[in-house]
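Working through the structure, step by step
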Amino acid sequence: MYRYDTYDQAMVDARVEEFRDQVRRRLEGHITEDQFKPLRLMNGLYLQLHAYMLRVAVPYGTLSSAQMRMLGDIADKYDRGYGHFTTRQNIQYNWIKLEDAPDILADLAKVEMHAIQTSGNCIRNTTSDQYAGAAADEVVDPRPYAELIRQWSTFHPEFSFLPRKFKMAVIASDTDRAAMKLHDIGIQIVRNEAGELGAAFYVGGGMGRTPMIAPCINPFVPLDQMITYSEAALRVYNRHGRRDNKYKARIKILVHELGKDEYTRQVEAEFQHLLGQNIEPPLAELERIKAQFADPPFEKIGTVPTFEIDRSDPDFALWVDNNCLAHKQSGYIAATISLKPIGGIPGDASGEQIRLMADLARDYSFDECRVTHAQNIVLPHVRKDQLYALWQQLDAAGLGTPNLDLVGDIIACPGLDYCSLANARSIPVAQKIGQRLAAKQQEIGELKLKISGCINACGHHHAGHIGILGVDKKGTENYQLLLGGCEGADTSLGQITGPGFDEDGIVDAVEKATQFYLAQRGEGERFLDTYRRVGMPAFKEAIYG
Amino acid sequence: MKILTGNDLKSGAVTWWDGVQWSLHVEDAVDVGDHADTILAREQAARRVNAAYAIEAVKDEGSVRPAHIKDRIRALGPTVRPDLTLKPADPEAGNWVI
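Just so it is clear, the model here is predicted, and its values are computed rather than measured. (Residues numbered from 1 in each chain as written. Chains lettered and ligands numbered in written order. Predicted model: local features only at pLDDT ≥ 70, side-chain atom pairs only at ≥ 80, totals over all residues.)

**Things to note about the overall build of chain B**
How we decide: A helix here means a DSSP run of H or I that spans at least four residues, while a strand means a run of E at least two residues long, and both kinds are numbered starting from the N terminus. Computation of the radius of gyration draws on C-alpha atoms, with the globule rule given as 2.2 Å multiplied by the number of residues to the power 0.38. Partly exposed residues are those falling between the two cut-offs: more than 12 but fewer than 20 other C-beta atoms within 10 Å of their own, whereas 20 or more means buried and 12 or fewer means exposed, with C-beta atoms placed from the backbone. Residue pairs qualify as contacts under a 7 Å threshold applied to their C-beta atoms, which are placed from the backbone.
When you go through chain B residue by residue, the secondary structure sums to 3 helices and 5 strands. Element order for chain B, N to C, with α for helix and β for strand: β-β-β-α-β-β-α-α. In terms of C-alpha radius of gyration, chain B reaches 13 Å, essentially the compact-globule figure of 13 Å for 98 residues. The 98 residues of chain B split such that 32% are buried. Put simply, 45% of the contacts in chain B that link residues at least 6 apart link residues at least 24 apart.

**Focus: the interface of chain B and chain A**
Many descriptions give the size of an interface as the accessible area lost when the pieces come together. What counts here: Residues are grouped as follows: Ala, Val, Leu, Ile, Met, Phe, Trp, Tyr, Cys and Pro are nonpolar; Asp, Glu, Lys and Arg are charged; every other residue, Gly included, is polar.
At the interface, 20 residues of chain B touch 22 residues of chain A. Every element with two or more residues in the side of chain B that touches chain A is listed here: β4 (50–60) and α2 (69–76) of chain B. Counting residues per element, the side of chain B that touches chain A draws most heavily on α2 of chain B, at 4 residues. Of the residues belonging to the side of chain B that touches chain A, the class tally is 9 nonpolar, 7 polar and 4 charged.

**Some remarks on the environment of E308 of chain A**
Residue and element names in this part refer to chain A. Position of E308 relative to the elements: it lies in the loop between α9 (283–291) and α10 (314–323). For E308, a count of 9 C-beta atoms within 10 Å gives the class exposed. Linking E308 and A233, residues 75 residues apart in sequence, is a C-alpha distance of 48 Å. If we skip the residues at most four places from it in the chain, E308 touches K384 and D385.

**So, unusual backbone geometry**
All names here are of chain A. Even without being a glycine, E112 presents a positive backbone phi close to 60°. Judged by the 18 C-beta atoms lying within 10 Å of it, E112 falls in the partly exposed class. Phi at A457 takes a positive value of approximately 65°, unusual for a residue other than glycine.

**Quick word on the pairing of strand β1 (residues 2–7) of chain B**
Residue and element names in this part refer to chain B. Let me state the cut-off plainly: Should DSSP find at least two bridges between two strands, the strands are taken to pair.
Among the 6 residues that make up β1, 5 are buried, leaving the element largely enclosed by the rest of the structure. As paired elements, β1 and β4 share 5 bridges and run antiparallel to each other. By the bridge assignment, K2 is partnered in β4 with E56. Pairing of β1 with strand β2 (residues 14–17) involves 3 bridges; the strand directions are antiparallel.

**Focus: the domain arrangement of chain A**
Selection rule: Note that the domain bounds reflect an automated or database-derived domain assignment.
As far as domains go, chain A holds domain 1 (6–110), domain 2 (134–290), domain 3 (314–396) and domain 4 (411–544). Taking the mean C-alpha position of each, domain 1 of chain A and domain 2 of chain A sit 27 Å from one another.

**Remarks on the packing of helix α13 (residues 427–437) of chain A against helix α15 (residues 503–520) of chain A**
All names here are of chain A. Note the following rule: Axis lines are fitted to C-alpha atoms, over the contacting stretch for helices. Their N-to-C directions set the angle, which ranges from 0 to 180 degrees. With respect to orientation, any angle under 35 degrees is reported as roughly parallel, any angle over 145 as roughly antiparallel, any angle of 65 to 115 as roughly perpendicular, and every other angle as oblique. Should the near helix be turned anticlockwise from the far one by less than a right angle, the crossing is left-handed, and should it be turned clockwise, the crossing is right-handed.
Following both chains from N to C, one finds α13 and α15 inclined at 40°, their axes separated by 10 Å at the closest point. Here α13 is positioned oblique relative to α15, judged by the angle of their axes. For the element pair α13 and α15, the recorded crossing hand is right-handed. Where α13 approaches α15, its residues P428, V429, K432, I433, R436 and L437 are matched on the opposing element by E503, I506, V507, V510, E511 and T514. Tallied by class, residues from the contact of α13 with α15 come to 7 nonpolar, 1 polar and 4 charged.

**A few points about the packing of helix α1 (residues 6–27) of chain A against helix α4 (residues 101–110) of chain A**
Residue and element names in this part refer to chain A. Following both chains from N to C, one finds α1 and α4 inclined at 175°, their axes separated by 9 Å at the closest point. Put simply, α1 runs roughly antiparallel to α4. Of the residues in α4, those in contact with V12, D13, V16, F19, R20 and V23 of α1 are A101, P102, L105, A106 and A109. Residues of the contact of α1 with α4, tallied by class, amount to 9 nonpolar, no polar and 2 charged.

**Topic: the sheet that holds strand β2 (residues 52–56) of chain A**
All names here are of chain A. Ordered in space as β1-β2-β5-β4-β13, the 5 strands form an open sheet in which the pairing is antiparallel. Single-partner strands in this sheet number two, and they are β1 (45–47) and β13 (348–350). Pairwise comparison of adjacent strand axes, ignoring direction, gives a mean angle of 30° for this sheet. In the sheet, strand β4 (residues 82–85) pairs with strand β5 (residues 91–96) via 2 bridges, with the strands oriented antiparallel. Directly across from H84, in β5, lies its bridge partner Q92. Contacts from α4 reach β1, β2 and β5, with the element oriented near 15° to β2. Contacting β4 and β13, helix α11 (residues 351–364) runs over the sheet at an angle of about 85° to β13.

**Section: the sheet that holds strand β16 (residues 411–412) of chain A**
The strands making up a sheet associate through backbone hydrogen bonding, with each pair oriented either parallel or antiparallel. Residue and element names in this part refer to chain A. Spatially, 5 strands are ordered β16-β17-β18-β19-β20 in an open sheet, and the strand pairing comes out mixed. Each edge of the open sheet is held by one strand with a lone partner, namely β16 and β20 (495–496). The sheet contact formed by strand β17 (residues 449–452) and strand β18 (residues 466–473) spans 4 bridges and is parallel. When the sheet's bridge partners are listed, L449 is paired in β18 with I466.

**Quick look at the nonpolar core**
Side chains of nonpolar character tend, in soluble globular proteins, to be buried together. Residue and element names in this part refer to chain A. Note the following rule: Defined on buried residues, the nonpolar core groups Ala, Val, Leu, Ile, Met, Phe, Trp, Tyr and Cys residues joined through C-beta atoms within 7 Å.
In this structure, V170, F201, V203, A233, I506 and A513 are the most contacted members of the largest nonpolar core, which totals 112 residues. Domain assignment of the residues forming this core places at least three in each of domain 2 (134–290) and domain 4 (411–544). I91, I116, L379 and L387 belong to the second-largest nonpolar core, a separate cluster that totals 66 residues.

Set out below in structure tokens:
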């Protein structure tokens, strides 16, 4: 994985000291909150319902065990013993003291981490496939290209004050595991018929109050022009984005209002202009980055006793079936650690659990783990014959829940329990649904349920097979139900079923939807397949009738 | 009644204006009547509170209950982590929020 060079480290260290001075001046009264707020936000420090919240960037979700261990230590040393993994593959701490923030950033810098650009109208943390470098179906590891974007976008002077925040994702397989088409820019690295690698650009997607699926504006940009093309796409947005109206300021609105063809025309014109300026990073830099993402030293079959999985323990076999993905390297597997125990808080992990996962990454996965946008943790390279020993340790720590992509694997934003923007609580709804359907989730099969506590859609409710949106209805919490959303190659946006529900009512409604699905499903159909075949009216009748 | 709330500048903790200083406990909050703006300006300038604002609340059996659920959650703590609220030993505390 990528390691800082002296330039990276000096930049992050300098930023820590700059922020330390800003905090000192704020505490001493030399600057007002209005002056300080944009400065703290540039360093990921928000003021939420109960305290300051620090959002730490995890570039494309990849962490070394040392970095993961530090995240656990920070939870215990500066917070209240836990952290919350987010849908942007980051981690948030909910109980931070302002006076501690510079020390936390200094601790993060020791393990090559920071909180820069985790807030504000800039290019945020670039996300990627959590199985990058491990998945059997990728054309190439997408992370070197995500890292190149990170370096290009960090402190980019032209894009520090965009009309609105900007999110990018990079994948390299047809199976989109990063909700790529629901980003401001989604890039899929593809191989053309000549065997050359290129970047397909999808621009203008997003969730929030106006969800849109990004159209493809260029199916093949040569990879040695990817940054130049990204710059062109950003420049057109920076020039014409709606700075007059916060709610219409995202690039999706610009692409929609200009139309895909006109936006693309302007990007292509800007691209031609930029090509002459030679702004693409030198190939040597990309090669330097790529070398740091070389495969770990996988062992070959025959050099170890066995690579077969002993499935004699039924609980282990269930976990393998649910939580593991085929690996590109024979004899290995990618294992997902669910942070969704039944009745638990989605995405939360204690400092002790985080440190355990760091140790397991060191011992079983070549020192590496990943944060997923579904708020779970992946150990990407586990030898099959060591999987049982790994699972036993996970299970003993409450981390062995076998529910990946099942109805209990709920994405939920912090909601009104923590977030100052939220209108309703998300977590209690997730807990109740998880408990209500726990016994049925294996029978139900794949069902992605996503909950947001407000229209900003941090819980990705538009992309849930079942989505739930919490709203404020005359001072009380109310929940809208959506069906039919999906991320991935067949991305679709969920549709609202009808009138909303109270907290208990939404749990009942979800159960009715799953019961109707079980009664209607055809051979091999997932919930989403049945919904698409049967349609909204029949589901609506089952839920409200 | 109209009460004042904000966050402590250093710790970020939720605080309530008790007529003299800022308290961690909403039951200490007092009705500020028409003086909200004056108090807020003075207290924020002195850095005794951060991001403060006035809200509506009602006196309820000796307690003070903010009108909006968001401020009731601020007053108690996250409903999903009773151990981190101001009343960790009271299993019924969450009912006050809802």
